[in-house]
There are 2 protein chains.
Amino acid sequence: MLIPVRKAVLAHNDAEAAENAKLFEGRRVRVVNVMASPGAGKTSLILALAKRLPTGLQPLVIEGDVASSIDTEKVAAAGIPVCQINTDGDCHLDAGSVRRAFESLPAVQEHGLLFIENIGNLICPAEFDLGEDIRLVIASVPEGDDKPRKYPAIFALADGIVLNKTDLVGHVEFDRTRFEAGVRAVNDRAPIFDVTCRGAATGIDALVDWLVVNHEKARPQ
Amino acid sequence: MLIPVRKAVLAHNDAEAAENAKLFEGRRVRVVNVMASPGAGKTSLILALAKRLPTGLQPLVIEGDVASSIDTEKVAAAGIPVCQINTDGDCHLDAGSVRRAFESLPAVQEHGLLFIENIGNLICPAEFDLGEDIRLVIASVPEGDDKPRKYPAIFALADGIVLNKTDLVGHVEFDRTRFEAGVRAVNDRAPIFDVTCRGAATGIDALVDWLVVNHEKARPQ
């Protein structure tokens, strides 16, 4: 009984995601779906990226959380237009809620880069297309090097992968070679960006360059 | 349409969980459902606890993962009877799969303490009773102090909470007072155990004592 219902839910979401993609394209907004475990550093990374975007490219943020508006407050404090989605128990964002959040962003959404911070979860968000251009999956060093082998679906669909909290290498057990081999077992195309957002953040510029190039390439304007 | 299906799934699981509880009681096995984010240190904690159990109390482990048998190999290497469940995409364990795994453990399951390592996920496992006696939720320092506010349901139902990787305090931003306030906003009864499993592990003995006392109390033998 569950399988047909699940298929119907996913088909409905896919149709809404296709509508989103058209809407984003019409507004010249390119969209990054940011997926990771709880506490992998999604918000810190988005803030670090947003402040390094080229002039004229408006950063926009949609924050997804089961509960609370902690992250939205941080993003708003940085002067970035942001809208919070609280799923109240749901374990992923869906295209319809992203559409409504986008429409209620407190800014004219033209020629921007929209970061959608998905729910902290390495499983369920993989199934729900949001109409994004780029799927960015963040892993963090203290989570361990085995995450790609344990959660292969989300690493398989990533367009880009961030290894965050590299300042903690040496303080925890983490084998960078083993991590990359785990990624490559399921994904041979996504670049891996090693970054830290603490102190003098490193690795962020290369990621911004890639996002912007990807942004320009994704659908020529 | 989804809501009646969801209710039926949960009701079916609850019925199977009640059966599990009877089975576990009959075998004098007390059961700890270990829930946490990916990479919070569930397996390391289970290994640290298992080797400190009082004589005569057999440790048993069921490992839940979307994919891979990495954790099961670690547990088996420590000489502990273990069975792997791979959910192949499902984001939580359910009572039926736990029952089947329990029956196939390579040991006589009598007078034991069974650790069920749930899928790495702070959301979905909260809804699925497995027939356990004790719900143990692990948070880890590098995930940040805001997790109880962002994932309140799982912290609300915890019987005990572990704050793991305390060796990383000082290397990351983490306010212990803020963490505890977040827990207490939703749960005023669960003790919080500060532990690290690295190097000379600390805090484990207090947790073993509590589990064993809780174990004896839960259903007098």
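For clarity, every value in this text was computed on a predicted model and none was experimentally measured. Along every chain, residues carry numbers that run from 1 in the direction the sequence is written. Just so you know, chain letters begin at A and ligand numbers begin at 1, following the order they were written in. Only residues with pLDDT of at least 70 are given local features in this predicted model, and only at 80 or more are side-chain atom pairs given and counted; all residues enter the totals for whole chains, interfaces and linings. Just so you know, side-chain values use all the structure's heavy atoms and leave hydrogens and water out.

*Asks:* How would you summarise the interface of chain B and chain A if you had to cite specific residues and measurements?
*Replies:* Across the boundary between the two partners, chain B contributes 38 residues, which contact 38 residues of chain A. Together, Pro38, Ile123 and Lys150 of chain B form the three largest contributors to the area buried by chain B at its contact with chain A, with a combined 19%. One speaks of a salt bridge when a side-chain nitrogen belonging to Lys or Arg is within 4 Å of a carboxyl oxygen belonging to Asp or Glu. Linking chain B to chain A there are two salt bridges. For Lys150 of chain A, the salt bridge identified is with Asp71 of chain B, shortest N-O distance 2.8 Å. Distance and chemistry together define a polar contact, namely a pair of N or O atoms within 3.5 Å, with one atom able to donate a hydrogen and the other to accept it when in protein, and with adjacent residues in sequence counting only for side-chain atoms on both sides. Linking chain B with chain A are eight residue pairs in polar contact (both at pLDDT 80 or more), by the criterion used here. In DSSP terms, a helix is any run of H or I states spanning at least four residues, a strand is any run of E spanning at least two, and both are numbered starting from the N terminus. Only helix H1 (2-26), helix H3 (70-77) and helix H5 (147-150) of chain B provide two or more residues apiece to the side of chain B that touches chain A. In terms of residue class, the side of chain B that touches chain A is made up of 18 nonpolar, seven polar and 13 charged. Should any heavy atoms of two residues lie within 4.5 Å, those residues are considered in contact. When two components associate, each loses some accessible surface as probed by a 1.4 Å sphere; the sum of these losses over both components is called the buried area. When residue character is reported, Ala, Val, Leu, Ile, Met, Phe, Trp, Tyr, Cys and Pro are called nonpolar, Asp, Glu, Lys and Arg charged, and the others, Gly included, polar.

*Asks:* Could you give an account of the packing of aromatic side chains, with specific residues and numbers?
*Replies:* All names here are of chain A. Here a Phe, Tyr or Trp ring, Trp counted by its six-membered ring, pairs with any other such ring whose centre lies within 6.5 Å, and the pair is stacked when the planes are under 30 degrees apart, edge-to-face when over 60, and tilted otherwise. Tallied over the full model, the rule gives eight aromatic pairs over all chains. Judged by centre distance (6.5 Å) and plane angle (85°), the rings of Phe155 and Phe179 are edge-to-face. Of this pair, Phe155 sits in helix H6 (residues 152-157) while Phe179 sits in helix H7 (residues 176-184), and the two are 24 residues apart along the sequence. Since its relative accessible area comes to 1%, Phe155 is described here as buried. Whether a residue is buried, partly exposed or exposed follows from its accessible area with a 1.4 Å probe, protein chains only, as a fraction of its type maximum: under 20%, in between, or over 50%, in that order. Residue Phe179 is classed as buried on the basis of its relative accessible area of 0%. Seen in terms of ring centroids, Phe193 and Trp210 are 5.4 Å apart; in terms of plane orientation they differ by 50°. Their pairing is tilted. Residue Phe193 is found in strand E7 (residues 192-194), and its partner Trp210 is found in helix H8 (residues 204-218); the two are separated by 17 residues along the sequence. One exposure class covers both Phe193 and Trp210, and it is buried. Here the aromatic cluster, defined as three or more aromatic residues joined through ring pairs, consists of Phe155, Phe174 and Phe179.

*Asks:* I'd love a proper account of the sheet that holds strand E6 (residues 160-164) of chain A, names of residues and values included.
*Replies:* Either a parallel or an antiparallel arrangement is found when strands of a sheet pair, and the pairing is made through backbone hydrogen bonds. Residue and element names in this part refer to chain A. Strands are treated as partners if at least two bridges between them are detected by DSSP. Ordered in space as E3-E2-E4-E1-E5-E6-E7, the seven strands form an open sheet in which the pairing is parallel. Of all strands in the sheet, those with a lone pairing partner are strand E3 (82-86) and E7, marking the two edges. Along the sheet, successive strands turn relative to each other by an average axial angle of 20°, direction set aside. Sheet topology places strand E2 (residues 58-65) next to E3; five bridges connect them, and they run parallel. What counts as an axis is a line fitted to C-alpha atoms, over the stretch in contact for a helix, and the angles between N-to-C directions run from 0 to 180 degrees.

*Asks:* Give a detailed account of the pattern of salt bridges, specifying residues and quantitative values.
*Replies:* Counted by the stated rule, this structure contains 26 salt bridges over all chains. Here Asp146 of chain A ties to Lys150 of chain A by a salt bridge, and the two come within 3.2 Å at their closest N and O atoms. Assigned by exposure class, Asp146 of chain A and Lys150 of chain A land together as buried. Two residues, Glu19 of chain B and Lys22 of chain B, come together in a salt bridge whose shortest N-O distance is 3.7 Å. Remark: Lys22 of chain B and Glu19 of chain B occur in helix H1; sequence separation between them is three residues, near one turn of the helix. Taken together, the shared-partner salt bridges connect Asp71 of chain A together with Asp146, Lys147 and Lys150 of chain B into one network.

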